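# Analysis of the macromolecular model
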Amino acid sequence: MKKSIIIVLLASIGIATQAQTTVKGHVINEQGVSVGYVSICIEEDSVGVISDAQGQFTLTVPAGRKDELTFTHVSYQTATIPYATYADGRELTVTLRDKFVELVDVVVDGNKNKPQTLSGKSWISIGKAAFEGDCKGDLEWGPIFKKKKDYLLTDIIVSIDKCEYEECLLSFNCYEIRDKKFVNVLNKPIYKCVTPADNGKQIYARPEEFVVLKGKKKYCVTISVVDIKGKGRLSFPVNFKSSYARNNVKGKMKKIPGCPMIVVKGYEIE
């Protein structure tokens, strides 16, 4: 009888050891204001989630993992939380510190009164692709390009095929690619709301800051879905064009020969 009890106890301990860890919390800035759409993840892994518009999040960490969690947002410094802090299941309040923003002086040639195309459409269409279901944070995807001269980023234009969600919030990002790593060049997020009224249209997204793209450096402009209302899918026309696709919460990136129909424009800098 005692032997049976010992076996049962050992089995219970084994089950407890293998239990997943559920992490809940709230992300705020130094002024105590909630920060929405923060990427929360185990670095360089597929384990992650994006906080909602109010900065609330719930993340399930697989059994046996004792990694630190990384919190990233375009407007703030990256924060890390060690395993010991979240292991007991307590609800977290994570404070992100403001990012130092270096002001840039930009002179645009007045004779060139129209922005130039830095990355355009391919003439070859290869069909359509879609974000489906509860797709928030699953993927960011966009074209790769490099120019000889410096440019001021002015427009990111994406063609919408069909939005079946009641409402869908797109996030636009711009990265410099250094040694196969994505380095964010924005200081403020760019969001655009898409609804069924935008079916078949082009959506224009413009940065609220001066974003200088340096000549001879490689860039990638991406789109992703960070929030949805209702159920459905959001589809885009896809071109035959080199692009990067990656998990939006620090998953591995993958180079593929297809890309959403995205046009990137900018002014040449003197």
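Nothing here was measured: the structure is a model prediction, and the numbers come from that model.

The next thing to look at is the confidence of the model for the chain. Predicted confidence across the chain gives a mean pLDDT of 85, with 86% of residues reaching 70 or more. Here helix α1 (residues 2-17) stands out as the least confident element of the chain, with mean pLDDT 41; strand β15 (residues 190-194) is the most confident, with 96. Throughout residues 1-17 the model reports pLDDT below 50, and contacts reaching past four residues in sequence, or to other chains, amount to zero contacts.

Here we come to the packing of aromatic side chains. Summed over the entire model, instances satisfying the criterion amount to seven aromatic pairs. When the ring of Y37 is compared with that of Y191, the centres are 5.4 Å apart and the planes differ by 65 degrees; the resulting orientation is edge-to-face. Placement of the pair is Y37 in the loop between β1 (21-29) and β2 (39-42) and Y191 in strand β15, with a sequence separation of 154 residues. Y191 sits in the partly exposed class, given a relative accessible area of 29%. For the pair F131 and F236, a centre-to-centre distance of 5.6 Å together with 85 degrees between the ring planes defines the contact as edge-to-face. Separated by 105 residues along the polypeptide, F131 in strand β9 (residues 125-132) and F236 in strand β19 (residues 233-239) bring together distant segments of the chain. For F131, a relative accessible area of 6% translates into the label buried. On the accessibility criterion, F236 (2% relative accessible area) is buried. An aromatic cluster is defined as three or more aromatic residues linked by ring pairs; in this entry it consists of Y175, F182 and Y244.

For the rest of this paragraph, the subject is the sheet that holds strand β5 (residues 69-73). If you trace the four strands from one edge of the open sheet to the other, you get β3-β2-β5-β6, paired in antiparallel fashion. This sheet does not close on itself; its edge strands, each paired only once, are β3 (48-50) and β6 (76-81). Here the average twist between neighbouring strands, direction ignored, is 15 degrees. Across four bridges, β2 lies against β5 in antiparallel orientation. Bridge assignment links I42 to a residue of β5, and that residue is L69.

To continue, consider empty space enclosed by the protein. In the structure shown here, the tally under the stated rule is one cavity of 30 Å³ or more. Of the pockets and cavities examined, the largest cavity occupies roughly 30 Å³. Lining the largest cavity are L118, F145, K146, K147, K149, Y151, L213, K214 and Y219.

Moving on, we come to the pattern of salt bridges. Evaluated as defined, the whole model comprises 10 salt bridges. Salt-bridge contacts for K217 lead to E176; the nearest nitrogen and oxygen are separated by 3.9 Å. Here K217 is found in the loop between β17 (212-213) and β18 (218-229), whereas its partner E176 is found in strand β13 (residues 167-178), with 41 residues between them in sequence. With a relative accessible area of 36%, K217 lands in the partly exposed category. The class for E176 is buried, based on a relative accessible area of 9%. A single salt-bridge network, built from bridges that share partners, covers E176, R178 and K217.

Moving on, we come to the sheet that holds β1. The three strands lie next to each other as β4-β1-β7, forming an open sheet whose pairing is mixed. Two strands close off the open sheet at either side, each with one partner strand: β4 (56-61) and β7 (92-96). Across the sheet, the mean angle separating the axes of adjacent strands is 35 degrees when strand polarity is ignored. Where β1 and β7 come together, five bridges link them in parallel fashion.

How each quantity is defined
Residues numbered from 1 in each chain as written. Predicted model: local features only at pLDDT ≥ 70, side-chain atom pairs only at ≥ 80, totals over all residues. Heavy atoms only, no water. pLDDT = per-residue confidence, 0-100. Helix = DSSP H or I, 4+ residues; strand = E, 2+ residues; numbered from the N terminus. Contact = heavy atoms within 4.5 Å. Phe/Tyr/Trp six-rings, centres within 6.5 Å; stacked < 30°, edge-to-face > 60°. Buried < 20%, exposed > 50% of the residue type's maximum accessible area, 1.4 Å probe, protein only. Pairing = 2+ DSSP bridges. Axes fitted to C-alpha atoms, helices over the stretch in contact; angles between N-to-C directions. 1 Å grid on protein atoms, 1.4 Å probe; cavity = no way out; pocket = protein on both sides within 12 Å on 5 of 7 lines; lining within 4 Å. Points joined across faces, edges and corners; volume = space filled by probe spheres on them. Salt bridge = Lys/Arg side-chain N within 4 Å of Asp/Glu carboxyl O.

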